[in-house]
Amino acid sequence: MGHDFVEGEEIAAELEVTAATLYNWRRQYGGMDTDAAKELRELRDQNARLKWLLADAELRRRAAGDREGKF
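Residues numbered from 1 in each chain as written. Predicted model: local features only at pLDDT ≥ 70, side-chain atom pairs only at ≥ 80, totals over all residues. Heavy atoms only, no water.

Novice: Whenever I open this one, the overall build of the chain confuses me. Can you help?
Specialist: A count of helices and strands for the chain gives 3 helices and 0 strands. Expressed as a percentage of its 71 residues, the buried residues of the chain come to 6%. Entry remark: accessible area of the chain is about 6500 Å², with carbon and sulfur atoms responsible for 55%. (Helix = DSSP H or I, 4+ residues; strand = E, 2+ residues; numbered from the N terminus. Buried < 20%, exposed > 50% of the residue type's maximum accessible area, 1.4 Å probe, protein only. Areas by Shrake-Rupley, 256 points an atom, 1.4 Å probe, with all protein chains shown as cover.)

Here it is, written out as C-alpha coordinates:
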(Lines give C-alpha, C1' and ligand atoms only; values in the text may rest on other atoms or scores of the structure.)
Protein backbone atom coordinates (compact mmCIF):
# COMPACT_ATOMS: atom_id res chain seq x y z
CA MET A 1 0.00 0.00 0.00
CA GLY A 2 2.78 2.46 0.85
CA HIS A 3 4.46 1.64 -2.46
CA ASP A 4 1.32 2.69 -4.37
CA PHE A 5 1.33 6.05 -2.60
CA VAL A 6 4.93 6.71 -3.59
CA GLU A 7 4.10 5.93 -7.22
CA GLY A 8 1.10 8.25 -6.98
CA GLU A 9 3.26 11.05 -5.62
CA GLU A 10 5.74 10.53 -8.46
CA ILE A 11 2.99 10.61 -11.07
CA ALA A 12 1.49 13.72 -9.47
CA ALA A 13 4.89 15.42 -9.56
CA GLU A 14 5.28 14.59 -13.26
CA LEU A 15 1.83 16.08 -13.95
CA GLU A 16 2.64 19.08 -11.74
CA VAL A 17 -0.42 18.51 -9.53
CA THR A 18 -0.76 17.54 -5.89
CA ALA A 19 -1.17 13.95 -4.76
CA ALA A 20 -4.64 14.91 -3.49
CA THR A 21 -5.65 16.14 -6.95
CA LEU A 22 -4.44 12.90 -8.51
CA TYR A 23 -6.38 10.91 -5.91
CA ASN A 24 -9.55 12.89 -6.68
CA TRP A 25 -9.11 12.33 -10.42
CA ARG A 26 -8.66 8.59 -9.90
CA ARG A 27 -11.70 8.46 -7.63
CA GLN A 28 -13.82 10.37 -10.12
CA TYR A 29 -12.59 8.93 -13.43
CA GLY A 30 -10.81 5.71 -12.42
CA GLY A 31 -13.42 3.30 -13.74
CA MET A 32 -14.11 5.16 -16.98
CA ASP A 33 -12.73 4.56 -20.39
CA THR A 34 -11.70 7.50 -22.55
CA ASP A 35 -15.01 7.75 -24.40
CA ALA A 36 -17.02 7.82 -21.18
CA ALA A 37 -14.77 10.53 -19.72
CA LYS A 38 -15.14 12.63 -22.89
CA GLU A 39 -18.91 12.21 -22.82
CA LEU A 40 -19.01 13.25 -19.17
CA ARG A 41 -16.96 16.34 -19.96
CA GLU A 42 -19.27 17.23 -22.87
CA LEU A 43 -22.36 16.80 -20.69
CA ARG A 44 -20.87 18.99 -17.97
CA ASP A 45 -19.98 21.67 -20.52
CA GLN A 46 -23.47 21.53 -21.99
CA ASN A 47 -25.01 21.73 -18.51
CA ALA A 48 -22.92 24.82 -17.72
CA ARG A 49 -24.07 26.49 -20.96
CA LEU A 50 -27.71 25.69 -20.20
CA LYS A 51 -27.42 27.08 -16.68
CA TRP A 52 -25.92 30.27 -18.09
CA LEU A 53 -28.72 30.58 -20.65
CA LEU A 54 -31.36 30.06 -17.97
CA ALA A 55 -29.78 32.66 -15.69
CA ASP A 56 -29.51 35.11 -18.58
CA ALA A 57 -33.16 34.58 -19.53
CA GLU A 58 -34.23 35.08 -15.91
CA LEU A 59 -32.27 38.33 -15.65
CA ARG A 60 -33.79 39.58 -18.89
CA ARG A 61 -37.29 38.66 -17.68
CA ARG A 62 -36.74 40.51 -14.40
CA ALA A 63 -35.28 43.53 -16.19
CA ALA A 64 -38.33 43.67 -18.48
CA GLY A 65 -40.59 43.48 -15.42
CA ASP A 66 -38.68 46.34 -13.78
CA ARG A 67 -39.19 48.52 -16.86
CA GLU A 68 -42.92 47.83 -16.73
CA GLY A 69 -43.08 48.73 -13.04
CA LYS A 70 -43.63 45.23 -11.75
CA PHE A 71 -41.35 42.62 -10.27
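Now that the structure has been shown, the text picks up again.
Novice: Is there a simple way to explain a negative patch on the surface in this structure?
Specialist: On the surface, a cluster of negative charge is contributed by Glu 7, Glu 9, Glu 10 and Glu 14. Tracing the chain through its elements places Glu 14 in helix 1 (residues 2–15). (Patch = residues over 30% accessible without salt bridge, like charges linked within 9 Å, V, L, I, M, F, W, Y side chains within 5 Å. Salt bridge = Lys/Arg side-chain N within 4 Å of Asp/Glu carboxyl O. Lys, Arg positive; Asp, Glu negative; His and termini not counted. Charge placed at Lys NZ, Arg CZ, Asp CG, Glu CD.)

Novice: I'm lost on the pattern of salt bridges in this one. Help?
Specialist: Any two side chains of opposite charge can pair, given that their charged atoms come close. Throughout the structure, instances matching the rule amount to 4 salt bridges. With a shortest N-O distance of 2.6 Å, Arg 61 and Glu 58 are connected by a salt bridge. In this pair, Arg 61 and Glu 58 are both assigned in helix 3 (residues 34–67), 3 residues apart and thus about one turn of the helix distant. Put simply, Glu 58, Arg 61 and Arg 62 are held in one network by salt bridges that share partners.

Novice: Sorry, what's going on with the environment of Val 6 here?
Specialist: Structurally, Val 6 can be placed in helix 1. Spatially, the C-alpha atoms of Val 6 and Ala 19 are 9.5 Å apart, while their sequence positions differ by 13 residues.

Novice: How should I be thinking about the environment of Arg 44 in this particular structure?
Specialist: Note on placement: Arg 44 falls in helix 3. In this view, Arg 44 contacts Gln 28 and Tyr 29; residues no more than four positions away in its chain are not counted. (Contact = heavy atoms within 4.5 Å.)

Novice: Got a minute to help me understand a nonpolar patch on the surface in this structure?
Specialist: Where nonpolar side chains cluster on the molecular surface, the patch consists of Ile 11, Leu 15, Trp 25, Tyr 29 and Met 32 and spans about 430 Å² of accessible area. If you list the elements that add at least two residues to the nonpolar patch, you get helix 1 and helix 2 (19–29). Mapped onto the fold, Tyr 29 is located in helix 2.

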